[in-house]
Amino acid sequence: MGSKVAFDAPRWIIDFSITFILAVFILIIALVFVNEKIDTNPIEADNIIKNLVYSCLVYSDEVSSYPGVIDINKLSKDRIKSCFSKDSLGYTVSLYDLEGNLIRNIDPEFNLNVFIPICEGNKDFICSENKEFILYMNDNKKFNGILSVVVISRV
Amino acid sequence: MFNKKGDIGYVTYLVPALMLLTIIFITFYIVFFVLGFGESNTPQTTVADQYSNIKLLNLLRSEIIQEGNVILVADYLEIANENTNGELIKLVESIPKPEFSNWHFEASTNDNKFIDIGESEDTVYFVQEINIPTKLGNVINSKLFLNCFGCSKKELEEVS
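Computed from a predicted structure; not experimentally measured.

For the rest of this paragraph, the subject is the overall build of chain B. A tally of helices and strands in chain B yields five helices and six strands. Listed by position from the N terminus, the elements making up chain B come as α-α-β-β-α-α-β-β-β-β-α. With 160 residues in all, chain B has 39% of them scored as buried. If you take every contact in chain B between residues at least 6 apart in sequence, the share linking residues at least 24 apart comes to 55%. For chain B, the computed accessible surface area is about 9900 Å², with 56% contributed by carbon and sulfur atoms.

Here is the structure:
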């Protein structure tokens, strides 16, 4: 009998081994989902530009407000700081005309803003740029422009 | 130990059973984790899904010069003829877009398309539509969308 089978181990060891393998597999699956990284940087960049274009920098007169139309007089450092701020991210706001000429560049000097120039290729930070086709009012005249927001956050 | 009834069968089936289990694990790993089979996109919110009509709205509120007069694009659509205003074409082309893509703007009334700017392909994003009632009682349907084949998610997010 013993010569036919070259296997000798208590059955509980085998049962335990199978259970252990299954448990490890389930654990690995759970850890994959628990530790899944969700990159929210592009969404935050989009939220910031929507907040600026639809609310914070909106041009208004005695009659109404005009979402999508920016009042260039509101495009200041203090105003931008009060629009949206969060410890874990920084951003800059730039306004260009349709020829790509810079009209105004605002750096609200958030802590992370100093890392924006070195963000590309740096594994500690994520950066994204969001551009929106807008209208802006300057001296009661309406112009077309591009609002650009560069957002940086830690990984 | 092997004198008990069933011990030989247990050992005989153990090795193939473990091999089968391993094969199932590896197959599941490849199918679900590597290939992503059955992965649902529904709960994932992307920036590209959150676009609004603001680009088209701002385009219609933009000012252009038509025959020496400064008018809104929305007003221009009422008097547009076969020769599309060059400034309007420039405006459409200046909307931020990924490389190798273009914005398409069209206006029609009663299925008669009288303005058609930019290429129009099957792969389109950010479709925006606004209906404009005219003084004559008609409704002009204006439509703007991005035509881009092979654009990456990041490129789309930047201009959404």
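Take the packing of aromatic side chains next. All names here are of chain A. For the structure on display, the rule yields ten aromatic pairs over all chains. Aromatic pair Tyr91 and Phe110: ring centres 5.0 Å apart, planes at 40 degrees, arrangement tilted. Taken together, the residues span a long stretch of sequence, with Tyr91 in strand E3 (residues 89-97) and Phe110 in the loop between strand E4 (102-106) and strand E5 (125-138) at a distance of 19 residues. The two residues Tyr91 and Phe110 agree in class, both being buried. Members of the aromatic cluster, joined through ring pairs, are Phe84, Tyr91 and Phe110.

Let us now look at the domain arrangement of chain A. By a widespread convention, an interface's size corresponds to the accessible area lost as its parts come together. Considered domain by domain, chain A is made up of domain 1 (1-36) and domain 2 (41-154). Spacing between the C-alpha centres of domain 1 of chain A and domain 2 of chain A amounts to 56 Å.

A few words now on the pairing of strand E6 (residues 139-148) of chain B. Residue and element names in this part refer to chain B. A large share of E6 lies buried, amounting to eight of its ten residues. Pairing analysis gives eight bridges linking strand E3 (residues 101-109) to E6, with the strands arranged antiparallel. Looking at E6, one finds that Glu106 is bridged to Lys143. Both strand E5 (residues 124-133) and E6 contribute to a ladder of eight bridges, which runs antiparallel. Within E6, the position partnered with Tyr125 by the bridge is Leu146. Between E5 and the antiparallel strand that follows it, E6, lie five residues; Gly137 among them carries a positive phi value of about 95 degrees.

Phi angles above zero are rare outside glycine, and Asp139(A) is one such case at about 55 degrees. For Asp139(A), the position within the fold is in the loop between E5 and strand E6 (141-154). Overall, Asp139(A) belongs to the exposed group, its relative accessible area being 67%. The residue Asn110(B) is not glycine, and still its phi comes out positive at about 50 degrees.

How each quantity is defined
Residues numbered from 1 in each chain as written. Chains lettered and ligands numbered in written order. Predicted model: local features only at pLDDT ≥ 70, side-chain atom pairs only at ≥ 80, totals over all residues. Heavy atoms only, no water. Helix = DSSP H or I, 4+ residues; strand = E, 2+ residues; numbered from the N terminus. Buried < 20%, exposed > 50% of the residue type's maximum accessible area, 1.4 Å probe, protein only. Contact = heavy atoms within 4.5 Å. Areas by Shrake-Rupley, 256 points an atom, 1.4 Å probe, with all protein chains shown as cover. Phe/Tyr/Trp six-rings, centres within 6.5 Å; stacked < 30°, edge-to-face > 60°. Domains from an automatic or database assignment. Pairing = 2+ DSSP bridges.

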